[in-house]
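A structural walkthrough
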Protein chains: 2
Amino acid sequence: MDNNIKEFEILDRELMYKGKIIDFYKDTLKTPTGDTVIWDYIDHKGAAAVVPVDEEGNIILVSQYRNAIRKQTLEIPAGGINPGEEPMVSAMREVEEETGYNITEIHPLTNIYTAIAYCNEIIYMYYAKVGSMKEQNLDEDEFIDVKKYSLDEIKTMILNGTIQDTKTISAILTYDLIVSKQNN
Amino acid sequence: MDNNIKEFEILDRELMYKGKIIDFYKDTLKTPTGDTVIWDYIDHKGAAAVVPVDEEGNIILVSQYRNAIRKQTLEIPAGGINPGEEPMVSAMREVEEETGYNITEIHPLTNIYTAIAYCNEIIYMYYAKVGSMKEQNLDEDEFIDVKKYSLDEIKTMILNGTIQDTKTISAILTYDLIVSKQNN
């Protein structure tokens, strides 16, 4: 995108702590002007997320308690990619496990970086048509309620701060761009 | 938002590594059904970001090399909040330092959580009118180019994957919701 890329060279990358889902590294970098700086770097295995749309055009969201922010949230279904798994397969698995809805059609939406200043996490995002609702199949440490809203209700909840999860905002408003294009 | 909140109790929070801008904790949690689980928790001091709009309605973006993803990116101006600083003050400072534009008017947009599964990072987001461009005033380890695009050009770059930074996608598409409402 730029002829004038000012790359930072990695002089050293040292593992400082290995977590359950992320690992913390201390990077020693050489700046474009030759200075040496120490920066944080978090390694994440990647995730997948889906905007699931039912036959009436409503969007299925999940409500769950998030320890990191000590709050109940409204989000699109999402989850980590298992080793060797195709992101689209992870995406379909997460929708069916977390919501109980079965997917009848799925399309790539876009991919996002969540915390670009210190973490390599990428979320592969999709939108999908869902059919009938069966049963949730949650992990032992997942406690998730399933909700259903129109696109307009979700836009209102983004504007009034009810929805603050950035993958959910990015995914649904990008999906809205696609829907608007198709309708024009 | 839910009568049926399934909170996780924090039994223990142990600092495992103190980074430059983020700290890594090991959380021991009690799930709603009484099981004990170990989860990662990253503490972040919070950030501020702005959609800067010039007199012609163009949006000012910054292009920089991001070590965590080893890529050049296009983003809205953003940066960490200094201790004790009001987020709006951080936001204005970042725009003026990174882009050289001076802000003539600023409004709250929405706030986002970037990596809700393991990190408490919140970004306070604003949109602002900017006037004339003066000079950038970058930190020693910042190397930033200033760019200018119409809202339609940015929507195209979101749809074709040129822009993948989630705060930028969330902020600009939320700003677009506000602009569309004002025009209707």
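**A closer look at unusual backbone geometry**
Residue and element names in this part refer to chain A.
- Positive phi, normally seen in glycine, also occurs at R70, with a value near 55°.
- Here R70 is to be found in the loop between strand 5 (59-66) and strand 6 (71-75).
- With relative accessibility at 32%, the residue R70 sits in the partly exposed group.

**Some thoughts on the interface of chain B and chain A**
- Contact residues are listed per partner, giving 76 residues for chain B and 76 residues for chain A.
- Contact between chain B and chain A buries roughly 7000 Å² in total, counting both sides, with carbon and sulfur atoms accounting for 63%.
- Here chain B is connected to chain A by two salt bridges.
- Scanning the region where chain B abuts chain A turns up 27 residue pairs in polar contact (both at pLDDT 80 or more).
- A total of nine residues in the side of chain B that touches chain A trace back to one element, the largest contributor, which is helix 3 (residues 166-183) of chain B.
- Here the residues of the side of chain B that touches chain A sort into 34 nonpolar, 19 polar and 23 charged.

**Focus: the sheet that holds strand 2 (residues 22-30) of chain B**
Residue and element names in this part refer to chain B.
- In space, the three strands of this open sheet follow the order 1-2-3, with antiparallel pairing throughout. For this open sheet the edge positions go to strand 1 (9-18) and strand 3 (36-44), each flanked by a neighbour on one side alone. Along the sheet, successive strands turn relative to each other by an average axial angle of 25°, direction set aside.
- Here eight bridges tie strand 1 to strand 2, and the two strands are oriented antiparallel to one another.

**Points about the nonpolar core**
- In terms of nonpolar packing, the biggest core is built from 56 residues, with V51(A) and V51(B) touching the most fellow members.
- Beyond its immediate sequence surroundings of up to four residues, V51(B) is in contact with I59(B), I76(B), L109(B), Y126(B), Y127(B), A128(B), A171(B), I172(B) and Y175(B).
- Grouped together as the second largest cluster of nonpolar side chains are 14 residues, F24(A), I42(B), A115(B) and Y118(B) included.

Reading the values: the criteria
Residues numbered from 1 in each chain as written. Chains lettered and ligands numbered in written order. Predicted model: local features only at pLDDT ≥ 70, side-chain atom pairs only at ≥ 80, totals over all residues. Heavy atoms only, no water. Helix = DSSP H or I, 4+ residues; strand = E, 2+ residues; numbered from the N terminus. Buried < 20%, exposed > 50% of the residue type's maximum accessible area, 1.4 Å probe, protein only. Contact = heavy atoms within 4.5 Å. Buried area = accessible area lost by both parts, 1.4 Å probe. Salt bridge = Lys/Arg side-chain N within 4 Å of Asp/Glu carboxyl O. Polar contact = N/O pair within 3.5 Å; in protein donor to acceptor, adjacent residues only side chain to side chain. Nonpolar A, V, L, I, M, F, W, Y, C, P; charged D, E, K, R; others polar. Pairing = 2+ DSSP bridges. Axes fitted to C-alpha atoms, helices over the stretch in contact; angles between N-to-C directions. Core = buried A, V, L, I, M, F, W, Y, C linked by side-chain atoms within 4.5 Å.

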